[in-house]
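Architecture and fold: a report
This is what each chain is made of:
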Amino acid sequence: MAALNGIKVVKLEMNAGGNPFVVHASLLFDEHEAILVDTGIPGQLELIRNTLAEESFPFEKLTKIIITHQDQDHIGSLPELVAASEGRLVVMAHELTKPYILGEVPLVKSKVLATPSKVDVTLQDGDVLPYCGGIQVIFSPGHTEDHICLYHKPSKTLISGDALMSQDGVLMPPNSSFTLDMNTALKSVAKLLELDIETIITYHGGVCTDRIKERLAEIVDGKNTMK
Ligand SMILES: [Zn+2]
């Protein structure tokens, strides 16, 4: 896990049905809070627990979880994490994500109901959460209609979720196979140009620091080739 300023990448390597699968969750922390952003697929409680412990963040230190959107590889282990904390963990998600997490509405892609969990605090575009030096919520629909990105102000780091992806450190547009409305998704990427971003953590691909502003502009313009 790369250490950034108050942010760590929580790299979760797994084997999903025989296929190697890696996702990059994030951990935001200061002296009061340790906030996990996204939770992998179902069944990853122990993997998350061990990965956090390796970085001197025992599970018991975790205070909150923020979910970027409803997809199963982001909400998967949320019910297990909440149960393991005996409900202590505060769960935050966009108001549009909440009914999916509660298991009230079938997930848009898989059409199944998620294992019900809870949402304690609903988020909206423009919210600045007063944790870890300030975390700005950016509503970024397109990949799914409920997607948010998070901007960690002190480290100028964007947690992009699936609004962007990356390959070998090169920022790429969201994966068209899994993005429901690419037009809207690219409009959401355009919103990110307003931010002063030095680092982007993509859930699928990991950390990008190279040519961020240029790549964001190229992606918005439809120039999606590598370099
Ligand atoms: Zn997704």
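Residues numbered from 1 in each chain as written. Predicted model: local features only at pLDDT ≥ 70, side-chain atom pairs only at ≥ 80, totals over all residues. Heavy atoms only, no water.

Moving on, we get to the overall build of the protein chain. Per the secondary structure count, the protein chain includes 6 helices and 14 strands. Rg of the C-alpha trace for the protein chain: 16 Å, near the compact-globule value of 17 Å for 227 residues, within the 12% margin. Along the longest, intermediate and shortest principal axes, the C-alpha atoms of the protein chain span 45 × 40 × 35 Å. The proportion of buried residues among the 227 residues of the protein chain is 52%. (Helix = DSSP H or I, 4+ residues; strand = E, 2+ residues; numbered from the N terminus. Rg over C-alpha atoms; globule rule 2.2 N^0.38 Å. Buried < 20%, exposed > 50% of the residue type's maximum accessible area, 1.4 Å probe, protein only.)

Taken as a whole and judged by the stated rule, the model has 1 cavity of 30 Å³ or more. Roughly 30 Å³ of volume is contained in the largest cavity. Contributions of two or more residues to the lining of the largest cavity are made by β2 (19–29), β10 (157–161) and β13 (199–202). Its residues assigned to classes, the lining of the largest cavity shows 4 nonpolar, 5 polar and 1 charged. (1 Å grid on protein atoms, 1.4 Å probe; cavity = no way out; pocket = protein on both sides within 12 Å on 5 of 7 lines; lining within 4 Å. Points joined across faces, edges and corners; volume = space filled by probe spheres on them. Nonpolar A, V, L, I, M, F, W, Y, C, P; charged D, E, K, R; others polar.)

Considered for burial, the residues of helix α1 (residues 45–54) that qualify are Leu45, Ile48, Thr51 and Leu52. Buried residues of α1, viewed axially, fall in a sector of 140 degrees; they line one side. After α1 finishes, the residue Ser56 shows a positive phi value of roughly 60 degrees. (Arc of directions from axis to C-beta.)

Attention now goes to the coordination of the zinc ion. Protein-derived coordination of the zinc ion comes from His69 (NE2), Asp71 (OD), His143 (NE2) and Asp162 (OD), at a distance range of 2.1 to 2.2 Å. Coordination at the zinc ion is irregular, judged from the 4 donor atoms that bind it and the angles of 88 to 164 degrees they form at the metal. Between the donor residues of the zinc ion, the gaps in sequence give the motif H-x1-D-x71-H-x18-D. Of the two residues, His69 is situated in the loop between β4 (64–67) and α2 (72–75) and His143 in the loop between β8 (135–139) and β9 (148–152); the sequence distance between them amounts to 74 residues. In this structure His143 comes out as buried when scored by relative accessible area, which is 5%. (Donors = N, O, S within 2.8 Å, 3.2 Å for Na, K, Ca; no water. Tetrahedral: all angles 85-135°; square planar, octahedral: opposite > 155°, others 65-115°.)

In space, the 6 strands of this open sheet follow the order β1-β2-β3-β4-β5-β6, with mixed pairing throughout. Pairing within the sheet leaves two strands with one partner each, and these edge strands are β1 (7–16) and β6 (121–123). On average, each strand axis in the sheet is tilted by 25 degrees relative to the strand beside it, whichever way the strands run. Pairing of strand β3 (residues 34–37) with β4, which is carried by 3 bridges, proceeds in the parallel orientation. (Pairing = 2+ DSSP bridges. Axes fitted to C-alpha atoms, helices over the stretch in contact; angles between N-to-C directions.)

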